[in-house]
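What follows is each chain in one-letter form.
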Amino acid sequence: MEVEQLLSELQQDNITLFLAGQVFLVVFIALIADLVQKRLLERVRPRVERTPSLWDDALLFAIRRPLTALIWLAGISFAADIVGQHTGAAIFEAVAPLRAVGIISVITWALIRFIQGVEANILRWKGGEYDPTTVEAVGKLLRISVVITGVLMALQTLGFSISGVLAFGGVGGIAVGFAAKDMLANFFGGLMLYLDRPFAIGDWVRSPDRNIEGTIETIGWRLTVIRTFDKRPLYVPNSTFSNIAVENPSRMHNRRIFETVGIRYNDAGKMEGVVAEVKQMLQEHPEIDTGQTLIVNFNGFAPSSLDFFIYTFTKTTQWVKYHEVKQDVLLKIIAIIESHGAEIAFPTSTVHMPEGLAFRSEEGVEMKVSGRSALERV
């Protein structure tokens, strides 16, 4: 009896040792595989970085950590299967579905890292060819799509009915849509901003319909942050941009100079020469875009002046430089008027006094108006 018990214990010990050896071998193989793949990727990395392609760098970045996780996931789950077959414990029945969910999670993780890598490469190397806001928006949409797909596949693997989940999501979506319609309006408003691109981060925008003017700092899915010119942050819900007109001065090609200048009625004979020289000055000015509309014409009889107007466009769109160019143009117009012996008019009024009217001056001298006389008052 004691011999049989001893043989049974020895057999049990042998089985345990054999089982432990199998588990150790599986873990050891996983360790070796992980070291080999890391070494291979490190050797491939310099060659990949020298290529002009955006995709191979992103792919290498995407698979490094997920590949390690996948190797250890396969090794540990296989070792668990070995233990489960020998022990028959019910807990090891969960290994297969958990392994499937783990593989789906690793693939989802790798795809998300791949999208992030491509997005970063585009912004780093080809930022001038693509709008950063659009690139970030497309990246967000792709990542959300990958996550949703991964979750649905994991649920299907665990035995849940995707059709039931989708039906539940549809009914729940209707309820959520009614409860959060403003949030959804802001979300789709943000989506339209990403697709239509009326402005980008850094642009100067303003709205004639609302008191909105400043520089775009952030375009989110719910809010757009605008930094006003007095340096205050302005948070605008994205749905607002669906109902208002928005100007984007940052994308203008030129800035306009539109001014009216008046000379005295006494200088009417000099108007033609003044207008011709002002027009010639604008045509020869290095900061005026002569390819755009350029008009200098006498256009009106004002109460105290003869008016001509200047309508032209500068080459620069920068706010500060534009005012410097405009100042230079106006100063040259003053010089031209003075060079013709004319003067810029200012508001005056003429008082006609009847004949025979007498008045006393400040010095006490009595004066009498005779004939047709008039006094001008500035």
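Details of the structure are given in the entry above.
Residues numbered from 1 in each chain as written. Predicted model: local features only at pLDDT ≥ 70, side-chain atom pairs only at ≥ 80, totals over all residues. Heavy atoms only, no water.

Asker: Is there a simple way to explain helix α7 (residues 271-284) in this structure?
Answerer: Across its 14 residues, α7 extends 20 Å between first and last C-alpha, which sits within 8% of the 20 Å expected from 1.5 Å per residue. Buried within α7 we find Met 271, Val 274, Val 275, Val 278, Met 281 and Leu 282. Each buried residue of α7 sits inside an arc of 125° when the element is viewed along its axis, so together they form one side. More than 90 degrees from the buried face of α7, the exposed residues found are Glu 272 and Glu 284. (Helix = DSSP H or I, 4+ residues; strand = E, 2+ residues; numbered from the N terminus. Expected span 1.5 Å × (residues − 1). Buried < 20%, exposed > 50% of the residue type's maximum accessible area, 1.4 Å probe, protein only. Arc of directions from axis to C-beta.)

Asker: Just checking my understanding: could you explain unusual backbone geometry for this structure?
Answerer: Backbone phi values are negative for most residues with the exception of glycine, while trans is the configuration of most peptide bonds. Here Lys 231, not a glycine, exhibits a phi torsion of approximately 70°, which is positive. Topologically, Lys 231 is positioned in the loop between β3 (223-227) and β4 (233-237).

Asker: Honestly, helix α8 (residues 319-339) in this entry has me stumped. Any pointers?
Answerer: Because the α-helix completes a turn every 3.6 residues, residues three or four places apart line up on one side. The end-to-end C-alpha distance of α8 is 31 Å, a good match for the 30 Å that 21 residues give at a rise of 1.5 Å each. If you check which residues of α8 are buried, you get Tyr 322, Val 325, Lys 326, Val 329, Ile 333, Ile 336 and Ile 337. Mapping the buried residues of α8 onto a view down its axis gives an arc of 115°, with all of them on the same face. Residues of α8 that are exposed and angled more than 90 degrees away from the buried face: Val 320, Glu 324, Gln 327, Leu 331, Glu 338 and Ser 339. Its buried side turned inward, α8 meets β5 (255-263), α7 and β7 (306-314). Of the residues one or two after α8, Gly 341 is the one with positive phi, at around 75°. (Contact = heavy atoms within 4.5 Å.)

Asker: What's the story with the sheet that holds β5 in this structure? I'm lost.
Answerer: Note on sheets: strands pair through backbone hydrogen bonds, and any given pair is parallel or antiparallel. In spatial order, the strands read β5-β7-β6; together these three strands make up an open sheet with antiparallel pairing. Each of the sheet's edge strands pairs with one partner strand only, and the pair in question is β5 and β6 (295-301). Strand-to-strand twist in this sheet, taken as the mean axis angle between neighbours without regard to direction, amounts to 20°. Bridging between β5 and β7 involves nine bridges; their strand directions are antiparallel. Counterpart to Glu 259 in the pairing with β7 is Ile 310. In the packing of α7 onto the sheet, contacts are made with β5, β6 and β7, and the angle to β7 comes to roughly 5°. (Pairing = 2+ DSSP bridges. Axes fitted to C-alpha atoms, helices over the stretch in contact; angles between N-to-C directions.)

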